[in-house]
Amino acid sequence: MQEQYDHKLIELAAQIFWDQQQSFVVDITTKENTFYCLSMFPYPSGRLHMGHVRNYTIGDVISRYQRMRGKTVFQPMGWDAFGLPAENAALKNNVAPAQWTYENMAYMRTQLKQLGFAYDWSREIATCRPEYYKWEQWMFIQLYKKGLAYKKTATVNWDPVDQTVLANEQVIDGKGWRSGAPVERREIPQWFLRITDYAEDLLNDLETLDEWPDAVKTMQRNWIGRSEGVELQFVVNDFAELLTVYTTRPDTLMGVTYVAVAAEHALAKQAALNNSAIATFIKNCKQTKLAEAEMATMQKLGIDTGYRATHPITGASVPIWIANFVLIEYGAGAVMSVPAHDQRDWEFAQQYQLPIQQVIYPLDDSSVDLTKAAYTEKGLLKNSGEFSDLTSQQAFKAIASYLQAQQKGQIKINYRLRDWGVSRQRYWGAPIPMIHCQQCGDVPVPENQLPVILPEDVQFEGVASPIKIMPSFYETTCPLCNGPAKRETDTFDTFMESSWYYARYTARNNNDAMLDKNADHWLPVDQYIGGIEHAILHLLYARFYHKLLRDAGLVTSKEPFKRLLTQGMVLKDGAKMSKSKGNTVDPQALIEKYGADTVRLFIMFAAPPEQSLEWSDDGVEGASRFLKRLWRLVYDHTQRGVVPRAMINQSELSDEQKAIRRKLHNTIVKVGDDMQRRYTFNTAIAVNMELVNDLYKFNDVSVQGRLITQEALEGLTLMLSPMVPHICHQLWQTLGHTTALIDQAWPLVDEAALQQDRVDIVVQVNGKLRGRIAVDVHADQATVEAAALNEENVRRFVEGKAVRKIIVVPGKLVNVVIAE
């Protein structure tokens, strides 16, 4: 063993060993005692950032620990390789997206290996490869045949910079989630998956996810947005259709003073035909920001259509307005407006001097000032005809029953969730396997012609998709009539690829099927790790897609991920690391200077995984110093020669020797709990650091002392190996072992070592600490009381005072209560 800790030599040697031995390659057919650990795979952006390093270090620590616990651990890695950044880079650097992506994958793969992550690289996938997206296309065709995939012209969120459609979830504060550009409203043909058919399943099955963070489940519940209300119809003069609205507050129905429709509603379009002012207003509404938080605060604007609706109960005639706060995709694109009891409706009524009719009053008869705001609480109905004097709860049922009897409405469960728009208008994505024929309409690509391969050697002309101007790609023949037809040039939303990749890892080498029986051996994933920012976008889609896989007979489990860990952000100077803020730290430079183990140790020690981590250069230096101290401790011990294997007889040990063994085995207990149950890896490291400090003070070079030091150093090496695997790989061999550390089990606890002959007890006088005593663990209460009263400092406070009582908490404290 060399005296100085040389991280470059040590880490390279360990990585070569793991690679040559194929230490992390898993027999995928294994069925017993398996553990599937997965971190969200990265987009191949070119270089790892600290968020990547934290995510993947957490996953690797968990994987290595579970392996030591006897599990067959599967930890694969791959690339979420499609998406707009590659196209933007292609435009900027005049390089094809495919070339840019593959080069980045190669570089980042090297970085991941340098960090010592225990990945089964034989299972690596890249979502941009035809052998991957072939099965995504195949699955889409199955969904299309079942009616779960469909195409319709829809009002969509259009990103004018990225020139593509965004799902509602991808609109953040009214702007595109990648470009930051204000989102526009457009009507274009789009492909959808019927995620709304699974809304109830998605909601109910959240209750089975006991090992998911409550915050994530709450976010998904709110996004799914289940509500129970009444769907009812208004008759409209000079309009062929009934006007359908949905409300969760039928108790306020008698307070309707106008009806509002979305700019895209059929009635609005009809009204615009002969009215240029309405047409202009509708055009302006297409710029409406969609973030709900903004809609709550933005100015409410509208225009009277000139149409009148007939109230379904009173028969009163109420005006119909087009309003910028009504969205076509929510409900039926129309709302009954009750300005007395809805703040949004109240603001609109104030803007346009529309009537405000109060019908709900407080149960306690307190007054309500509707000149200042709407009264939105539930209460007692008045001014409501036969429904007056009912409570809101009673009125819900009564009004719903009345409408149903009159065939004017019915109780309905509604969801905020909308079908998932899966087509995008850009190039770098999986082609949608559909063909459009003038005679036959939309026709799936025959399965024996899959995959529809995306051309990779392309030239860009602006941001437009090159395949839209490539006849060699889009010109084809109809599979049904053999006539000329056009291949779909839209590509899949990249969340399609990330919604099922976890399952494909288990069938990576199967060229004949999307999944096979191995999927059920490994799924659901035992441990999934990733950022909470994916709570809706990725995690909801993955849950939905898993249910599609289940219903297609490809898996039997209900959910894709059993346990979810959402790691916190990496901050510097209180702000999230980002290039725009200029506060990033290059992991590669740290690896070069300090080594991967130092980076891993700091990442795991600085904060619990679910909390934000504040970057600290001093913290990195401290992690480096600790590894050097650990190295030196083993070096000094082994320089005295090899310690022969021998049993340690606890009864023959001195108090100091017993104390260090007790510290070791208490550490094993504590670290095991921190790693297995609590996932507080920082405290697991801290208690190992304490043990290192104690070993530096333990200078016993007797035969027994050397045996105990050897045992403690082996225990340290094993317990720290999930966090710092390279140095521990070397230390294990230095300590005299010929077998590899990677194949070792977690250290066992010696219960005898945990036993104490004597215990330290705190002594208080009237609740204030006055001394400490050491007594035999089997001492009776009288002996403990006598020892407490005899303690020198305690005597000083008790002397001359009457002792009223003595309270003894066995093994912990004595409180002597005296008269003041």
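Our structure's up above, just so we're on the same page.
To start, this report covers the structure provided alongside it. On a predicted model such as this, the values are computed, not experimentally measured, just so you know.

1. A short note on the overall build of the protein
Summing up its helical and strand segments, the protein has 27 helices and 34 strands in all. Expressed as lengths along the three principal axes of its C-alpha atoms, the size of the protein is roughly 105 × 80 × 45 Å. For the protein, the proportion of its 820 residues judged to be buried stands at 56%. Restricting the contact set of the protein to residue pairs at least 6 apart, pairs at least 24 apart contribute 72%. Accessible surface computed for the protein: about 35700 Å², of which carbon and sulfur atoms make up 48%. The protein carries 87 positive and 97 negative side-chain charges, and their two centres are separated by 1 Å.

2. Let's talk about the packing of helix α20 (residues 617-638) against helix α22 (residues 681-697)
Relative to each other, α20 and α22 sit at 45°, their axes nearing to 11 Å. Our classification of the angle between α20 and α22 gives oblique. Considering the relative orientation of α20 and α22, their crossing is left-handed. Packed against α20, whose contacting residues are Phe626, Arg629, Leu630, Arg632 and Leu633, the element α22 presents Met689, Val692, Asn693, Leu695 and Tyr696 at the interface. Per-class residue counts for the contact of α20 with α22 are seven nonpolar, one polar and two charged.

3. A few points about the pattern of salt bridges
As enumerated under the stated definition, the model contains 37 salt bridges in all. The salt bridge partner of Asp205 is Lys547, with a shortest N-O separation of 2.6 Å. Separated by 342 residues along the polypeptide, Asp205 in the loop between α6 (199-204) and α7 (214-224) and Lys547 in helix α17 (residues 537-551) bring together distant segments of the chain. Pair check on accessibility: Asp205 and Lys547 agree, each one buried.

4. Considering helix α18 (residues 587-594)
Three or more residues of α18 are buried, namely Pro587, Gln588, Leu590, Ile591 and Tyr594. For α18, the angular spread of buried residues about the axis comes to 160°, placing them on one side. Here the buried face of α18 lies against α1 (7-21), α2 (50-68), α4 (97-114), α19 (596-605) and α20. Its side-chain oxygen placed 3.0 Å from the backbone nitrogen of Gln588, Asp586 serves as the N-cap of α18.

5. Examining the nonpolar core
Counting residues in hydrophobic clusters, the biggest one holds 180 residues, and the most contacted among them are Tyr502, Leu549 and Trp615. Ranked by residue count, the leading element in this core is α17, at nine residues.

6. Topic: the side chain of Arg550
Following the sequence through the fold, Arg550 ends up in helix α17. There is a polar contact of 3.4 Å between the side chain of Arg550 and the side chain of Asp201. Those residues in contact with Arg550 that lie beyond four places of it in its chain are Tyr198, Asp201, Val555, Thr556, Ser557 and Lys558.

7. Digging into unusual backbone geometry
In this model, Leu450 is joined to Pro451 through a cis peptide bond whose omega is 0°. Mapped onto the secondary structure, Pro451 falls in the loop between β22 (441-444) and α13 (471-474). In the Ramachandran plot, Asn482 falls in the positive-phi region, its phi being about 65° despite a non-glycine side chain. Tracing the backbone through its elements, the reader meets Asn482 in the loop between β23 (475-477) and β24 (484-487). Given the relative accessible area of 61%, Asn482 is considered exposed. Look at Asp573: it is not a glycine, yet its phi comes out positive at around 55°. By the element assignment, Asp573 lies in the loop between β28 (570-572) and β29 (575-576).

8. Quick notes on the sheet that holds strand β6 (residues 164-166)
Strand pairing in a sheet relies on backbone hydrogen bonds, with the paired strands running either antiparallel or parallel. On the basis of which strands lie adjacent, the open sheet formed by four strands has the order β6-β5-β9-β19 and antiparallel pairing. Pairing within the sheet leaves two strands with one partner each, and these edge strands are β6 and β19 (420-421). With three bridges connecting them, strand β5 (residues 149-159) and β6 associate as antiparallel partners. Each bridged residue has a counterpart across the sheet, and for Asp159 the counterpart in β6 is Thr164.

9. Section: the sheet that holds strand β2 (residues 72-74)
Here we have four strands laid out as an open sheet, ordered β2-β1-β26-β27, and parallel in their pairing. Unpaired on one side and paired on the other, β2 and β27 (561-567) mark the two borders of the sheet. Recorded for the sheet is a direction-independent mean angle of 20° between the axes of neighbouring strands. Where strand β1 (residues 34-39) meets β2, three bridges bridge the pair, whose relative direction is parallel. Across the sheet, Tyr36 pairs through a bridge with Phe74, a residue of β2. Where α2 meets the sheet, it contacts β1, β2, β26 (525-531) and β27, and its direction lies at approximately 175° from that of β1.

10. Regarding the environment of Ile413
By the secondary structure assignment, Ile413 is in strand β18 (residues 409-415). For Ile413, a relative accessible area of 31% translates into the label partly exposed. Note: C-alpha distance between Ile413 and Tyr246 (167 residues apart in sequence) is 9.7 Å. If we skip the residues at most four places from it in the chain, Ile413 touches Arg226, Ser227, Glu228 and Tyr246.

11. Digging into the environment of Glu211
Topologically, Glu211 is positioned in the loop between α6 and α7. When its relative accessible area of 34% is taken as the criterion, Glu211 is described as partly exposed. Along the chain, Glu211 and Asp526 lie 315 residues apart, while their C-alpha atoms are 10.0 Å from each other. Contact partners of Glu211, with chain neighbours within four places excluded, come to Lys562, Arg563 and Leu564.

12. A short note on the packing of aromatic side chains
A complete count under the given rule lists 37 aromatic pairs for this structure. Judged by centre distance (5.4 Å) and plane angle (70°), the rings of Tyr198 and Phe544 are edge-to-face. In this pair, Tyr198 sits in the loop between β9 (184-193) and α6 while Phe544 sits in helix α17, placing the two residues 346 residues apart along the sequence. In this structure, Tyr198 and Phe544 share a single accessibility class: buried.

13. Brief notes about the side chain of Asn682
Within the element layout of this structure, Asn682 appears in helix α22. With relative accessibility at 14%, the residue Asn682 sits in the buried group. Sequence-distant contacts of Asn682, that is, excluding residues within four places in its chain, are made with Met604, Phe605, Ala607 and Pro608.

14. Some thoughts on the pairing of β27
Counting buried positions along β27 yields six of seven residues, so the element is predominantly enclosed. Pairing geometry for β26 and β27, over six bridges, is parallel. Counterpart to Gly531 in the pairing with β27 is Gln567. The parallel pair β26 and β27 is bridged by α17, and the resulting crossover is right-handed.

15. Regarding the environment of Val73
Position of Val73 among the secondary structure elements: in strand β2. When its relative accessible area of 14% is taken as the criterion, Val73 is described as buried.

16. What about the pairing of β26?
Extensive coverage of β26 is indicated by the burial of seven of its seven residues. In terms of strand pairing, β1 meets β26 through three bridges, oriented parallel. Across the sheet, Cys37 pairs through a bridge with Gln527, a residue of β26.

Conventions used here
Residues numbered from 1 in each chain as written. Predicted model: local features only at pLDDT ≥ 70, side-chain atom pairs only at ≥ 80, totals over all residues. Heavy atoms only, no water. Helix = DSSP H or I, 4+ residues; strand = E, 2+ residues; numbered from the N terminus. Buried < 20%, exposed > 50% of the residue type's maximum accessible area, 1.4 Å probe, protein only. Contact = heavy atoms within 4.5 Å. Areas by Shrake-Rupley, 256 points an atom, 1.4 Å probe, with all protein chains shown as cover. Lys, Arg positive; Asp, Glu negative; His and termini not counted. Charge placed at Lys NZ, Arg CZ, Asp CG, Glu CD. Axes fitted to C-alpha atoms, helices over the stretch in contact; angles between N-to-C directions. Parallel < 35°, antiparallel > 145°, perpendicular 65-115°, else oblique. Left-handed = near helix turned anticlockwise from the far one by under 90°. Nonpolar A, V, L, I, M, F, W, Y, C, P; charged D, E, K, R; others polar. Salt bridge = Lys/Arg side-chain N within 4 Å of Asp/Glu carboxyl O. Arc of directions from axis to C-beta. Polar contact = N/O pair within 3.5 Å; in protein donor to acceptor, adjacent residues only side chain to side chain. Core = buried A, V, L, I, M, F, W, Y, C linked by side-chain atoms within 4.5 Å. Pairing = 2+ DSSP bridges. Phe/Tyr/Trp six-rings, centres within 6.5 Å; stacked < 30°, edge-to-face > 60°. Right-handed = clockwise from strand over helix to strand, strands pointing away.

Remember that the coordinates give geometry; whether it matters functionally is a separate question.
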